[in-house]
Amino acid sequence: MSGSRLRPADPGQQRTLRQAALCYAAHGWPVVPAAFFDGTRYACVQADCVQDGPHPVWRLWQGRASTDADVVASWYRLFSFAVALPTGVIFDVVEIPEPAAVRVQDALVEHRTPTPIAVWRERGVRLFWVAPGLQPDNRLGALNARIRGEGAWVPAPPTPTRRGPMHWSLPPEQSEWAILSHADLAAALDALN
């Protein structure tokens, strides 16, 4: 993934990604630009990058994530970048494979405990936004769930991927940008049995 092969963005797609990044930042969710799937490969600004998947464009990205609108907008001026959100500060994200993720989402809806839920088709998972500090347990293990916490990140809609753009199954606006509590997640997981 050579940085020298990074091409200027499609203006419409670039605008859509910039607007999404600015919306997340405006709601207090730190943003960092990530490698962009250009239809063939994941393009990165690092000249020696060998990663073939979404990833932050800087190796030391943690200190650069921002909610500052001017900073975030500047990242998306010349190139399209995917949108990455650091986890473990404002929220953790639980990655659950389909179809178990659909069952968890249904249980959350039934218990009226909404949280943002993104669909990442490239990985065959859904991402559930939860309060930070979530610890693994047997229920999550049984679902082959992965917790993305401190020091990690997730791509966010509308990030393009090999299997189409990421999208929201439950957009943050519909949950009023609320993050799921650990107790509410536990209740939804218990309801699956």
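Residues numbered from 1 in each chain as written. Predicted model: local features only at pLDDT ≥ 70, side-chain atom pairs only at ≥ 80, totals over all residues. Heavy atoms only, no water.

Trainee: Please clarify how the overall build of the protein chain should be interpreted in this entry.
Mentor: Each helix and strand in the protein chain was counted, giving five helices and ten strands. Against the 2.2 N^0.38 benchmark of 16 Å for 193 residues, the protein chain shows a C-alpha radius of gyration of 17 Å, consistent with a compact globule. For the protein chain, the proportion of its 193 residues judged to be buried stands at 50%. The long-range fraction of contacts in the protein chain, counting pairs at least 24 apart against all pairs at least 6 apart in sequence, stands at 79%. Looking at charge distribution, the protein chain has the averaged site of its 18 positive side-chain charges lying 8 Å from that of its 18 negative ones. (Helix = DSSP H or I, 4+ residues; strand = E, 2+ residues; numbered from the N terminus. Rg over C-alpha atoms; globule rule 2.2 N^0.38 Å. Buried < 20%, exposed > 50% of the residue type's maximum accessible area, 1.4 Å probe, protein only. Contact = heavy atoms within 4.5 Å. Lys, Arg positive; Asp, Glu negative; His and termini not counted. Charge placed at Lys NZ, Arg CZ, Asp CG, Glu CD.)

Trainee: Teacher, can you tell me more about the pattern of salt bridges here?
Mentor: For the coordinates displayed, the defined rule picks out eight salt bridges. With its nearest N and O atoms 4.0 Å apart, the salt bridge here joins Asp38 to Arg41. Look at Asp38 and you get partly exposed, because its relative accessible area is 24%. Two residues, Arg148 and Glu95, come together in a salt bridge whose shortest N-O distance is 2.7 Å. One end of the pair, Arg148, is in strand β8 (residues 146-148); the other, Glu95, is in strand β5 (residues 92-97), with 53 residues separating them in the sequence. In this pair, the class of Arg148 matches that of Glu95, namely buried. Each member of the salt-bridge network shares a partner with another, and the members are Asp52, Glu122 and Arg162. (Salt bridge = Lys/Arg side-chain N within 4 Å of Asp/Glu carboxyl O.)

Trainee: Is there a simple way to think about the pairing of strand β4 (residues 82-86) in this case?
Mentor: One face of the sheet, then the other: side chains in a regular strand alternate in exactly this way. With five of five residues buried, β4 lies mostly within the body of the structure. The side-chain alternation of β4 yields two buried faces, one formed by Ala82, Ala84 and Pro86 and the other by Val83 and Leu85. Pairing geometry for strand β1 (residues 32-34) and β4, over three bridges, is antiparallel. By the bridge assignment for β4, Val32 is matched with Ala84. (Pairing = 2+ DSSP bridges.)

Trainee: Even after reading the chapter, I still don't get the side chain of Thr87, so can you show me in this structure?
Mentor: Tracing the backbone shows Thr87 in the loop between β4 and β5. Classification of Thr87 as buried rests on a relative accessible area of 2%. Among the polar contacts made by the side chain of Thr87, one reaches the main-chain carbonyl oxygen of Gly149 at a distance of 2.6 Å. Contacts of Thr87, omitting those with residues within four sequence positions, involve Asp92, Val93, Arg148, Gly149, Glu150, Gly151, Ala152, Trp153 and Val154. (Polar contact = N/O pair within 3.5 Å; in protein donor to acceptor, adjacent residues only side chain to side chain.)

Trainee: What exactly am I supposed to notice about helix α1 (residues 11-26) here?
Mentor: When the terminal C-alpha atoms of α1 are compared, their 22 Å separation across 16 residues agrees well with the 22 Å that a helix rising 1.5 Å per residue should span. Looking only at α1, the buried set comprises Gln14, Leu17, Ala20, Ala21, Tyr24 and Ala25. On an axial view of α1, the arc spanned by its buried residues comes to 135 degrees, and they lie on one face. Turned more than 90 degrees away from the buried face of α1, the exposed residues are Pro11 and Ala26. Structurally, α1 contributes buried residues whose contacts are with β2 (36-37), α2 (69-75), β4 and β10 (167-170). Just downstream of α1 lies Gly28, where phi reads positive at about 85 degrees. (Expected span 1.5 Å × (residues − 1). Arc of directions from axis to C-beta.)

Trainee: How should I be thinking about the sheet that holds β8 in this particular structure?
Mentor: Sheets are built from strands that pair by backbone hydrogen bonding, the pairs being arranged parallel or antiparallel. If you trace the five strands from one edge of the open sheet to the other, you get β8-β5-β7-β6-β10, paired in antiparallel fashion. Bordering the open sheet on either side are β8 and β10, each of which pairs with just one other strand. Pairwise comparison of adjacent strand axes, ignoring direction, gives a mean angle of 30 degrees for this sheet. (Axes fitted to C-alpha atoms, helices over the stretch in contact; angles between N-to-C directions.)

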